[in-house]
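Listed here are the chains, written in short residue letters.
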Amino acid sequence: MNIVVCLKQVPGTTQVKIDPQTNTLVRQGIKNIVNPFDTYAVEEGARIKERFGGKVTAISMGPPQAEEVLREAISTGADEVILLSDSAFAGSDTLATSYTLARAINKIQEYDLVICGRQTIDGDTAQVGPELAETLEIPFVAYVSQIEEIDNGYMRVQRMVEDGHEVIETPLPAVITVVKEINVPRLPSLRGLTKAKSAVIPTWTAKELGVDKNMVGLSGSATRVIKIFSPQRAYRGEILQGSLESQAESLINKLRDTKLI
Amino acid sequence: MVKSMGIRIDPDKCTGCGDCTASCPFGLIEIIDEKAHINEGCTLCGACQEACSYDAILIEAAIETAAISDSHRGIWVFAEAKDGNLKSVDYELLSRGRELADTLKTELCAICFGHNISEVEQLIAYGADKVYLTDDPALANHQEDFYTWELTRLIEEHKPEIVLAGATSLGRSFIPRVAAILKTGLTADCTELEIDTERRLLLQTRPAFGGNIMATIICQTRRPQMATVRPRVFKKNPLEGRKGQIIKVDFNKEGITSKTKLLNFVEDLTERVKIEDADIIVSGGRGLDKAENFQLLEELAAVMGAAVGSSRPPVDDGWIPYSHQVGQTGKTICPKLYIACGISGAVQHLAGMQTSETIVAINNDAEAPIFEIATYGIVGDLFEVVPMLIAKLKG
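Quick caveat, the model's predicted, so the values are computed rather than measured. (Residues numbered from 1 in each chain as written. Chains lettered and ligands numbered in written order. Predicted model: local features only at pLDDT ≥ 70, side-chain atom pairs only at ≥ 80, totals over all residues.)

**Student:** Is there a simple way to think about the overall build of chain B in this case?
**Tutor:** Tallying secondary structure elements over chain B gives twelve helices and 23 strands in all. Summarising its shape, the C-alpha atoms of chain B cover approximately 80 × 60 × 45 Å along the three principal directions. Taken over 395 residues, chain B has a buried fraction of 50%. Sequence separation of at least 24 residues holds for 63% of the intrachain contacts in chain B that already meet a minimum separation of 6. (Helix = DSSP H or I, 4+ residues; strand = E, 2+ residues; numbered from the N terminus. Buried ≥ 20, exposed ≤ 12 C-beta atoms within 10 Å, placed from the backbone. Contact = placed C-beta atoms within 7 Å.)

**Student:** Whenever I open this one, the pairing of strand β11 (residues 162-166) of chain B confuses me. Can you help?
**Tutor:** On a regular strand, one side chain projects to one face of the sheet and the next to the other, so that they alternate. All names here are of chain B. Most of β11 is tucked away, with five of its five residues classed as buried. Residues Ile162, Leu164 and Gly166 point to one face of β11 and Val163 and Ala165 to the other, with burial holding for every one of them. As paired strands, strand β6 (residues 75-79) and β11 are joined by four bridges and run parallel to one another. The residue bridging Ile75 from the neighbouring strand is Ile162, located in β11. As paired elements, β11 and strand β16 (residues 225-229) share five bridges and run parallel to each other. The partner of Ile162 across the bridge, within β16, is Gln225. (Pairing = 2+ DSSP bridges.)

**Student:** What am I meant to see in the interface of chain A and chain B here?
**Tutor:** Note: interface size is frequently given as the accessible area lost on complex formation between the parts. Between chain A and chain B, the contact holds 73 residues from the first and 82 residues from the second. At the level of secondary structure, the elements contributing two or more residues to the side of chain A that touches chain B comprise α3 (94-108), α4 (128-136), β9 (140-151), β10 (154-161), β11 (164-171), β14 (224-229), β15 (238-239) and α7 (244-257) of chain A. Take the side of chain A that touches chain B: its biggest share by element is nine residues, from α7 of chain A. Of the residues assigned to the side of chain A that touches chain B, the class counts are 35 nonpolar, 20 polar and 18 charged. (Nonpolar A, V, L, I, M, F, W, Y, C, P; charged D, E, K, R; others polar.)

**Student:** Got a minute to help me understand the environment of Ile117 of chain B in this structure?
**Tutor:** Residue and element names in this part refer to chain B. Along the chain, the position of Ile117 falls in the loop between β9 (108-114) and α5 (122-125). For the pair Ile117 and Leu382, spaced 265 residues apart in the sequence, the C-alpha separation amounts to 44 Å. In contact with Ile117, not counting residues within four places along its chain, are Ala81, Gly84, Leu86, Cys112 and Asp135.

**Student:** Would you take a moment to explain the domain arrangement of chain B for this structure?
**Tutor:** All names here are of chain B. Taken domain by domain, chain B comprises domain 1 (2-62), domain 2 (67-248) and domain 3 (275-394). The interface is formed by eight residues belonging to domain 2 together with ten residues belonging to domain 3. Class assignment for the residues of the side of domain 2 that touches domain 3 results in three nonpolar, three polar and two charged. (Domains from an automatic or database assignment.)

**Student:** Just to check I follow, could you spell out α7 of chain A for this structure?
**Tutor:** Note that an α-helix has 3.6 residues per turn; residues three or four places apart therefore point the same way. Residue and element names in this part refer to chain A. For α7, built from 14 residues, the straight-helix expectation of 20 Å at 1.5 Å per residue is met to within 8% by its first-to-last C-alpha distance of 20 Å. Buried within α7 are the following residues: Gln247, Ala248, Leu251 and Leu255. Buried residues of α7 fall within an arc of 100° about the axis and therefore sit on the same side. The outward face of α7, more than 90 degrees from its buried face, is lined by the exposed residues Glu245, Ser246, Asn253, Arg256 and Asp257. Downstream of α7 by one or two residues, Lys259 has phi in the positive range, about 60°. (Expected span 1.5 Å × (residues − 1). Arc of directions from axis to C-beta.)

**Student:** For this particular structure, what's the right way to read the environment of Glu157 of chain B?
**Tutor:** Mapping Glu157 of chain B onto the fold places it in helix α6 (residues 144-158). Each C-alpha atom of the pair Glu157 of chain B and Leu100 of chain B lies 22 Å from the other, and the pair is 57 residues apart in sequence.

**Student:** Looking at this structure, how should I read the packing of α3 of chain A against α4 of chain A?
**Tutor:** A pair of packed helices is characterised by two quantities: the angle between their axes and the separation of those axes. Residues and elements named next belong to chain A. It is at 8 Å that the axes of α3 and α4 come closest, and there the two elements cross at 50°. Of the possible angle classes, the one that applies to α3 and α4 is oblique. α4 is crossed by α3, and the crossing has right-handed handedness. Here Thr94, Leu95, Thr97, Ser98, Tyr99, Leu101, Ala102 and Ile105 of α3 come into contact with α4, specifically with Val128, Glu131, Leu132, Thr135 and Leu136. Its residues placed into classes, the contact of α3 with α4 shows eight nonpolar, four polar and one charged. (Axes fitted to C-alpha atoms, helices over the stretch in contact; angles between N-to-C directions. Parallel < 35°, antiparallel > 145°, perpendicular 65-115°, else oblique. Left-handed = near helix turned anticlockwise from the far one by under 90°.)

Here it is in structure tokens:
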């Protein structure tokens, strides 16, 4: 089983603020991390490899510093990594991102399974996985919480949906997105850390991927962000006073008065 | 001319006043030698152009919008059904879709796939002018491959300008595939949809960074403009005396086979009252301490006829199944009454419940952010307060 895992480097917090003076995102002092959902993808790739043999290749599209997430992937189980980095990729939306990732995966050629996290914590779209599958023209299963079996070119998985879970069978190669319920990611091993530190991270640029310039980056993106702003929080409500007993009483009266109960 | 992609600064007009630097959402404009300079990463959003009092900023990508928008007309809502029943989000989207269609003076269509779906005419009552109904046993379950190809085929045939769908498990999984085949833009989890009538553009506003930032997004040069919307974001609005047309579409299975196969569905039975349908939700967070303590909330829920919800930590710790989770990576709910017990109110949780009509917070930390949005707050130990509420409601 040759597995490709897609990773994204994201800000290490969602507590980003907009500077009210300049109306831009305040990025200072925010550390970058591997998108948390992607760590489950790396772990699952490593586990499948341990069961069935093969190798795990981690890829990430981003600026040069995104190589940090690939080093982390090496320390937790990736055999090979590739950074997709080119100024032509800047400003990509999910469509342009999935096209670029698909070009890289096609260049890798030998793969049986592509694993992505269910969504990123910065964009929160959950769109790159399904768009990537369609660009590669291979099957797709979202929200996978357990891989039950892999046999003879087929895979049977459980996936979480709103009101329960489904068991789905798919031929391989396929793209899946995984949820946090699927595993508990391992900590990096000492050997892994050493390997990660000294690894040379290969970079593929637009030229190496042979991409159509009109399909990557900003020109390949169908959507544009035209405005960002801080959400309006609702009002500050009423904090009840008095003993807990009288607060409980008063709460029930208020709810009854407004016919909520 | 200073040039950066499709945007130019006219140095003769630019006074270096700096109004544009503050307007750029990405902080890409600098004043160098008293002229504006645009750094790499510009999305051509046009915010600086609006801010400039001297018409010094030129954006060349004012593009083929008109040509494209002329060939596509109408708003479509993908109406999701499960086991033959339409979902509430279908009506919510049609209600908002009706207003958008009236603004654009165009038709509103519902697209519905499934088998033996009941009350299809309700889609008309909520605003659809036409319903394209594909009824086939092969579509009875959520066969996402079939749904992807059939919706793509219909869009290619009829060329709507806007396609909306619920950001449900199904919608978030197969709608992006449709967008990828059509090579068009898709905006996930919108919380507001407006129309720029002049350019016939859908202004799609959505939260990002776990709800800390709102972004407005457009899809300028490709069609259709596609968006998913979380359930309970828009209000259902049934209309009187509406007339519409139900158009039966044959599902042409010839030459296509679903690659993925749904073998089994296991319903989560712990959810006696579904949280997305409940008028009252009693919800617990980390403050409950352990799984057994959900029993206390079950009891309160039982006397109030409420459903039981949860913030993320109890689900992470396995105290309660995922189907109960409210928030960014769980469900969005909008009940009449939401009672948050031992929930601090992380922004990801607020994103899933802040539109509830009345919010009650019970938490022993007076500084917990949940109190900022609570209608009524009780600062106190939930293990004291909840039993009191149960006793009083029973009494």
